[in-house]
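Survey of secondary and tertiary structure
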Amino acid sequence: MDQRKPNRLKNYDYSQNGYYFVTICTRNRQEWFGIIENGEMKLNENGKIAERIWREIPGHFVNIELDEFVVMPNHIHGIICIKNPVGNRHACSLRDGHTCSLRDGHACSLQKRQYQMIPVVVGSYKSAVTRNIRQIDPGNQFHWQKSFYDHVIRDELSLNRIREYIKNNPRQWDSDRENIKNRRIAVRNRPACSVQEGPACSVQEGPACSVQEGHACSVRGLSPFVLKTK
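What the protein contains, in helices and strands, is three helices and six strands. Listed N to C, the secondary structure of the protein is β-β-β-α-β-β-α-β-α in terms of helices and strands. Taking as baseline every contact in the protein between residues at least 6 positions apart, the subset at least 24 positions apart corresponds to 69%.

In this structure, F33, W54, I76, I118 and Y125 are the most contacted members of the largest nonpolar core, which totals 33 residues. Looking at this core, the elements with two or more residues in it are β1 (18–25), α1 (45–56), β4 (64–71), β5 (75–82) and α2 (117–136). Per-element tally for this core: the top contributor is α2, with nine residues. When residues no more than four places from it in sequence are discounted, the contact partners of I76 are V22, T23, I24, F33, A50, W54, V70, V71, Y125 and W144. Counting residues in each nonpolar core, the second largest holds twelve residues, with Y19, M72, C81 and W173 among its members.

It is the contact of α1 with α2, at a shortest axis distance of 10 Å, that shows an interaxial angle of 145 degrees. Our pair here, α1 against α2, has a crossing hand that is right-handed. Here E45, N46, I49, A50, R52, I53 and W54 of α1 lie close against α2, whose contacting residues are Y125, A128, V129, N132, I133 and I136. Considering only residue class, the contact of α1 with α2 consists of nine nonpolar, two polar and two charged.

Applying the stated criterion to the full structure yields eight salt bridges. With a shortest N-O distance of 3.6 Å, E45 and K48 are connected by a salt bridge. Of this pair, E45 and K48 both sit in helix α1, three residues apart, which is roughly one turn of the helix. A residue is classified by how much of its surface remains accessible, and E45, at 51% relative accessible area, is exposed. One salt bridge in this structure joins R163 and D67, with 2.8 Å as the shortest N-O distance. Linking R163 in helix α3 (residues 156–168) with D67 in strand β4, this pair joins segments that are 96 residues apart in sequence.

Okay, α2 next. A rise of 1.5 Å per residue sets the reference length of α2, with its 20 residues, at 28 Å; its end C-alpha atoms lie 29 Å apart and thus fit the reference within 8%. Among the 20 residues in α2, 14 count as buried, and that is most of the element.

Under the criterion given, the structure shown has nine aromatic pairs. With centroids separated by 6.0 Å and ring planes inclined at 35 degrees, the aromatic side chains of W54 and F69 adopt a geometry described as tilted. Linking W54 in helix α1 with F69 in strand β4, this pair joins segments that are 15 residues apart in sequence. Each member of the pair W54 and F69 is classed as buried. Consider the rings of Y125 and W144, whose centres lie 6.1 Å apart with planes at 50 degrees: the pair is tilted. Here the residue Y125 occupies a position in helix α2, and W144 occupies one in the loop between α2 and β6 (149–152), the gap between them amounting to 19 residues. We note that Y125, like W144, is buried. An aromatic cluster of three or more residues is present, and its members are W32, F33, W54, F69, Y125, F142 and W144.

A word on the sheet that holds β5. Taken in spatial order, the four strands make up an open sheet running β4-β5-β1-β6, and their pairing is antiparallel. Where the open sheet ends on each side, the last strands, each with one partner, are β4 and β6. Averaged over all adjacent pairs, the angle separating strand axes in this sheet is 20 degrees, with direction ignored. Both β1 and β6 contribute to a ladder of four bridges, which runs antiparallel. Bridge assignment links V22 to a residue of β6, and that residue is D150. Along the sheet face, α3 touches β1, β4, β5 and β6 and points at about 150 degrees away from the line of β5.

Excluding glycine, residues mostly have negative phi values, and the peptide bonds linking residues are mostly trans. One non-glycine residue with positive phi stands out, namely R29, at about 60 degrees. Its location among the elements puts R29 in the loop between β1 and β2 (34–37). With a relative accessible area of 7%, R29 lands in the buried category. Although it is not a glycine, S147 sits at a positive phi angle of roughly 65 degrees. With respect to the helices and strands, S147 occurs in the loop between α2 and β6.

What counts, and at which threshold
Residues numbered from 1 in each chain as written. Predicted model: local features only at pLDDT ≥ 70, side-chain atom pairs only at ≥ 80, totals over all residues. Heavy atoms only, no water. Helix = DSSP H or I, 4+ residues; strand = E, 2+ residues; numbered from the N terminus. Contact = heavy atoms within 4.5 Å. Core = buried A, V, L, I, M, F, W, Y, C linked by side-chain atoms within 4.5 Å. Buried < 20%, exposed > 50% of the residue type's maximum accessible area, 1.4 Å probe, protein only. Axes fitted to C-alpha atoms, helices over the stretch in contact; angles between N-to-C directions. Left-handed = near helix turned anticlockwise from the far one by under 90°. Nonpolar A, V, L, I, M, F, W, Y, C, P; charged D, E, K, R; others polar. Salt bridge = Lys/Arg side-chain N within 4 Å of Asp/Glu carboxyl O. Expected span 1.5 Å × (residues − 1). Phe/Tyr/Trp six-rings, centres within 6.5 Å; stacked < 30°, edge-to-face > 60°. Pairing = 2+ DSSP bridges.

Right, here's the structure in full:
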C-alpha cells in the first residue's frame, strides 16, 4: 500500500495572516455535488449545502475572510484569508478539550497543528457539510477524503492566477485531474515542487506541483502573501 504523503508544510504556522488556497475532495472522487453542463456547475441539494456552509464560514471564525471559491462535482476549491489584528494571533483556545465546529464558533490555539486556523476551518467545514447532508438523507453514505490539500499564496501574481484558475475550473472539467474519468492517468513520476526548481508553485507553472496532486507547495522560509490595503 502506498504511504500517504503529508499535505501540510513541516513547522509551518497555519494561523499566520495571509491567503491560503485549499482543495477538499470527496472520498474516491465520487461526484456528490452535482454535474457540469456546458462548462457550468449545476449544484444538486448536496452541492447547495456545500456552497451555503462555505459562505457561512466567516460568521463562525473571527478574522477569517473568503475569496474566490467553487463547488465542483467532487471537490471544493477555495481561497481562505486570515486577517488577525496586530498582536492577536489566535481567536480562542481549546480548553476543556472542546472541538471547533461551525455550530459553536470556537477558534483554536497554536499548540498543535490540528488546532491551527486553516486545518480547523477546513475540518469544521467538512464536519458541518457531512452532518447537514446526512440530516436530509439519514441513509446517505457521503464521505470526504481524509485531510485536504493546501497552497500558501506568496504574492499577488499567484493570487490572481489562482483566482482565474478557480473561476475557470468548471470549463476545464473534461481535463481536470479531479475528474474521476481522468484519474487513470499516472502522475507518480512527476517531480515534487522544491526551492531548487526556481519559481514558487502555482496552478500554471508546468513541472511545479499543484494542489490537485497532493503536494504541499511552497518556498520554505517565506511568509504568506498579505494583500496591502490603501
